[in-house]
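Coordinates in review
Residue-level listing of the chains:
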Amino acid sequence: MYITTLGSHSSLQILHGAKKEGFNTMVISDEKRENFYKRFQFIDKINKYSTLDDAVKLINSEIDSIFIPHGSLIEYLKMERVKKIEIPIFGNRNLFEWESNQKKKMSLLKDSNIHIPDSFENPEEVDRLVIVKLPGAKGGKGYFIAKNKSEVKEGLNKLLESKEISSIEDVIIQEYVVGIPMYFHFFYSPILKRVELTGMDIRYETNVDGLRRLPSNLTSDIEPTFVVAGNIPVIARESLLPKAFDYAENFVNTVKNKVPPGMIGPFCLESVVTEDLDIVVFEFSGRIVAGTNLYVEGSPYSWLYWDEPMSVGRRIAREIKLASIQNKLGEITS
Amino acid sequence: MYITTLGSHSSLQILHGAKKEGFNTMVISDEKRENFYKRFQFIDKINKYSTLDDAVKLINSEIDSIFIPHGSLIEYLKMERVKKIEIPIFGNRNLFEWESNQKKKMSLLKDSNIHIPDSFENPEEVDRLVIVKLPGAKGGKGYFIAKNKSEVKEGLNKLLESKEISSIEDVIIQEYVVGIPMYFHFFYSPILKRVELTGMDIRYETNVDGLRRLPSNLTSDIEPTFVVAGNIPVIARESLLPKAFDYAENFVNTVKNKVPPGMIGPFCLESVVTEDLDIVVFEFSGRIVAGTNLYVEGSPYSWLYWDEPMSVGRRIAREIKLASIQNKLGEITS
Amino acid sequence: MYITTLGSHSSLQILHGAKKEGFNTMVISDEKRENFYKRFQFIDKINKYSTLDDAVKLINSEIDSIFIPHGSLIEYLKMERVKKIEIPIFGNRNLFEWESNQKKKMSLLKDSNIHIPDSFENPEEVDRLVIVKLPGAKGGKGYFIAKNKSEVKEGLNKLLESKEISSIEDVIIQEYVVGIPMYFHFFYSPILKRVELTGMDIRYETNVDGLRRLPSNLTSDIEPTFVVAGNIPVIARESLLPKAFDYAENFVNTVKNKVPPGMIGPFCLESVVTEDLDIVVFEFSGRIVAGTNLYVEGSPYSWLYWDEPMSVGRRIAREIKLASIQNKLGEITS
């Protein structure tokens, strides 16, 4: 059986882990990246595409396979093509729609009794520091921070003029929670019926994480941008973990109720930890996040569960293997 | 034999390491955290308490055990309860008193010929950038930085008004050394008679490490806070290590002379490295620090000593095992 | 056979890796650091020197050995002494000269179609944010950033007055590319005929990485400095890697043509990633960089190639072993 994924985001980790668990591995790759993926011996087969429609055909061409979605899947293929994937997808494909609708997305967090930032429907309502976000997994491109309603309006006008958005309804205006970013990676196992903490990361964003190294008099006329270009490892103090797990379990329960068949596999609670040690979750990812690429050989947390190196990519393959042995593949795919 | 610790701080690492070395493991946990600690299979026994006095009774209830103190022990139980622990404690319990008295604490560093920041007895003496600290392991809560004596007085008045301190004698006014923080984790082994460098970390503090990502015009009216919420891995350039080891060995010798039976096990020199590559130590911890949680599977330094994954938690258990085999448990407990 | 290196920079990693591959290990150490290197059991022999001329004699004294150069070699011994090394050097010793001449150095990057920052011959030409660098591996000492030509001149005058430079021709005035630093570690294997990505790091610089934690009103009169005192681990988003590999392969080809016998072993492309996700390389290192010390037990990337812990130090020793078995030592030394 093949484990297949789209060549980007965390495909190296996913296929490396799949090979460790004994699967055949296949990457569906843009033809321009074929040479890149050829460098890695754990990839058995490279199916290259020149158009995105071809990519979908190639995904469907290998029937004896399971497809692993990741954070760049919908960004690359767009929702309508992803819907055409006919082979089993690891995880819950119904969650894709919920994630693409910002209101439905935040409602899953809210219904889980997770502390989320306030949001503002209208620039006129803004009464504090806010971050204005463009929807979709664009890696932070176009995000801006504003101190008051007039700065919000100014920023939105720029986005409208540059046609990066077509209407102000395209953006999310969220309270900017002051604190430190911390991204909690979890894995829900329907087979072992448990939530595992698989790791944590901080995003490394350009240019903002570079700008902050310059004296402020040099940077006053440079606009900060928030494009994620990498990830840095981090751990949380142990006393934060009980709350993080409560959030994760509540979230798994909410998704089970609202989006059948529920959460399967990796997800991420993208959080800010405030000075009162409150965890405020401003977003979630319903599948593997790129920050897990830090932990190809296991994380400080994965070693608490497993006596062998367990990346999230490998954890996915392990879940598939366990399900397969127990004749439960239907419980982890959709 | 049980290895026991209080459920917080680095208890997962400590008990995970103890299990690796073949010990039975027990956590003394607040009843609210029982569900959290249940998640981990390497914990054999969870003894839950509802009051802090109960916690001490539970610690003493298992006679065939060694108790491992960590950075949250005194913060949680307070000194008078810690004194009531009757079972053997790994390490030197006489050091607790020295650590709780800021003057005695800094004198151990000074007597070791370690470069420490200047400190000021009185706000009137302040003639440079300073950091004002509240005593005890409160994770940076309430710390503030001040540029001159009037800013110091202003900050102290706020703390007095909010009753976070009862007198200005409760605080430490320390020269703020400009440079980069670097926390050196060491382990002194009375059995192998050597100092090992077990790792290094940087603290990840809320909100200060988040604020710095914002343009200064947005943050001008937000007070920076220094509450430690996590840790980031780091290494030092090799040419810094000889001095770091000199400091560590001097310190071990000083503690041996001043605080019998001397240093046993993990300690940390909390330092700033200046642009002249001087190491200035502004604090020490006489037991395991939370930054070691980064290295559950070993650190870039532990691998230079050990051909197996060696966290500090496991290193403690290894020391106990070595001592036990050689009938020297009395040399590593107090 | 001995693997030998100078005691500093990455010598622990190099010798630790050499021992793993079964070699005898020797460090040529300043006599003041003898006690430091004695702490590590994987070092078989410590040859201590009191003068730098002695260091060269000691290097040459063990004929059955291969010498591993690192980033501090020329900084410590100076070029004329390094030329007197008579035993085989792992890597291409002809590259030393190219690296010490800033113009020749940058030309190798430019000829590889690698995006490099613009540079300015004369302070008068400066029309944007620039960084002014002193040549040689001085770890960032004396670097400064300037916003315009008058700030450049002011900074240069200070350096001339303090005699840190003797002429303005000693410095490099380079466009300061706004973005995030990211250092890509590669290894070119003449035996396996492939480029491997061995890791990535961010430099941890004093005092600049400490200053940024302070509110700007407190730091306005403190000059930022850029002395590298440590390294922090990082990974890049997967979609950046194809371009990074293209750069690395182009660079290997250029060095092969311009500096026979070409690139051998580790090198580093020191880069800034811009908000457009462009990779701009502002410098390269033709040998092992200190950032690889993070990965004594392997990096998130090394595990994609090797099923065993593979530091760059060990990778070097592995290359020597492979070459030795195939009677090709001449292809990897010079």
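Residues numbered from 1 in each chain as written. Chains lettered and ligands numbered in written order. Predicted model: local features only at pLDDT ≥ 70, side-chain atom pairs only at ≥ 80, totals over all residues. Heavy atoms only, no water.

Under the UniProt heading Pathway (unreviewed entry), the entry covering chain A gives this text: "Purine metabolism; IMP biosynthesis via de novo pathway; 5-formamido-1-(5-phospho-D-ribosyl)imidazole-4-carboxamide from 5-amino-1-(5-phospho-D-ribosyl)imidazole-4-carboxamide (formate route): step 1/1." Its UniProt record, at the heading Catalytic activity (unreviewed entry), says of chain A: "5-amino-1-(5-phospho-beta-D-ribosyl)imidazole-4-carboxamide + formate + ATP = 5-formamido-1-(5-phospho-D-ribosyl)imidazole-4-carboxamide + ADP + phosphate". (UniProt positions renumbered as here; feature names shortened; annotations may be inferred.)

1. Quick look at the relation of the copies chain C and chain A
Mapping chain C onto chain A calls for a rotation angle of 120° and an axial translation of 0.0 Å; the resulting RMSD is 0.0 Å. Both copies of the chain, as the preceding transformation shows, are related through a three-fold rotation axis. The rotation axis passes nearest to the C-alpha of C:R212 in chain C, at a distance of 3.6 Å. By residue overlap, the copies meet through two different surfaces: only 14% of the interface positions of chain C are interface positions in chain A. (Least-squares fit on C-alpha atoms with pLDDT ≥ 70 in both. Contact = heavy atoms within 4.5 Å.)

2. Some remarks on the packing of helix α1 (residues 11-20) of chain B against helix α12 (residues 312-325) of chain B
All names here are of chain B. Following both chains from N to C, one finds α1 and α12 inclined at 45°, their axes separated by 7 Å at the closest point. Comparing their axes, α12 and α1 come out oblique. The handedness of the crossing between α1 and α12 is right-handed. The residues of α12 that touch α1, namely those facing Q13, I14, G17, A18 and K20, are V312, G313, R314 and A317. Of the residues in the contact of α1 with α12, the class split is four nonpolar, three polar and two charged. (Axes fitted to C-alpha atoms, helices over the stretch in contact; angles between N-to-C directions. Helix = DSSP H or I, 4+ residues; strand = E, 2+ residues; numbered from the N terminus. Parallel < 35°, antiparallel > 145°, perpendicular 65-115°, else oblique. Left-handed = near helix turned anticlockwise from the far one by under 90°. Nonpolar A, V, L, I, M, F, W, Y, C, P; charged D, E, K, R; others polar.)

3. Structural notes on the sheet that holds strand β12 (residues 235-236) of chain B
Strand pairs in the sheet, formed through backbone hydrogen bonds, run parallel or antiparallel to each other. The sheet built from six strands is open, its strands ordered β12(B)-β11(C)-β10(C)-β9(C)-β13(C)-β14(C) with antiparallel pairing. Whereas interior strands pair on both sides, the edge strands pair on one side only; in this sheet they are β12 of chain B together with β14 (279-285) of chain C. The sheet strands contacting helix α7 (residues 102-110) of chain C are β13 (265-273) and β14 of chain C, and the helix crosses β14(C) at an angle near 135°. (Pairing = 2+ DSSP bridges.)

4. Overview of the UniProt feature "binding site: ATP" (unreviewed entry) in chain A
Taking the UniProt record as the reference, the feature "binding site: ATP" (unreviewed entry) is found at A:E205. For A:E205, the position within the fold is in strand β10 (residues 194-207). Not counting residues within four places of it along the chain, the set of residues in contact with A:E205 comprises A:Y183, A:G210, A:F226, A:V227, A:V228, B:R213 and C:I180.

5. Concerning the pairing of strand β2 (residues 24-30) of chain B
All names here are of chain B. Across the seven residues of β2, five count as buried, placing the element largely inside the fold. Across five bridges, the pairing between strand β1 (residues 2-6) and β2 is parallel. Directly across from Y2, in β2, lies its bridge partner N24. What joins β1 to β2 is α1, and the crossover it makes is right-handed. Sheet analysis places β2 next to strand β3 (residues 45-49), joined by five bridges and oriented parallel. Looking at the pairing, I28 lines up with N47 of β3. (Buried < 20%, exposed > 50% of the residue type's maximum accessible area, 1.4 Å probe, protein only. Right-handed = clockwise from strand over helix to strand, strands pointing away.)

6. A closer look at the interface of chain B and chain A
Contacts between the two partners involve 47 residues from chain B and, on the opposite side, 43 residues from chain A. Summed over the three residues of chain B that lose the most area to chain A, namely B:R39, B:Y204 and B:R213, the buried surface amounts to 21% of that side. At the surface where chain B touches chain A, the tally comes to four salt bridges. Residue B:R213 is joined to A:D209 by a salt bridge in which the shortest nitrogen-to-oxygen separation is 3.0 Å. Along the contact surface separating chain B from chain A lie 14 residue pairs in polar contact (both at pLDDT 80 or more). Broken down by secondary-structure element, the contributors of at least two residues to the side of chain B that touches chain A are α1, α2 (34-37), β10 (194-207), α9 (208-211), α10 (216-219) and β11 (226-233) of chain B. A total of seven residues in the side of chain B that touches chain A trace back to one element, the largest contributor, which is β11(B). Its residues assigned to classes, the side of chain B that touches chain A comprises 20 nonpolar, 18 polar and nine charged. (Buried area = accessible area lost by both parts, 1.4 Å probe. Salt bridge = Lys/Arg side-chain N within 4 Å of Asp/Glu carboxyl O. Polar contact = N/O pair within 3.5 Å; in protein donor to acceptor, adjacent residues only side chain to side chain.)

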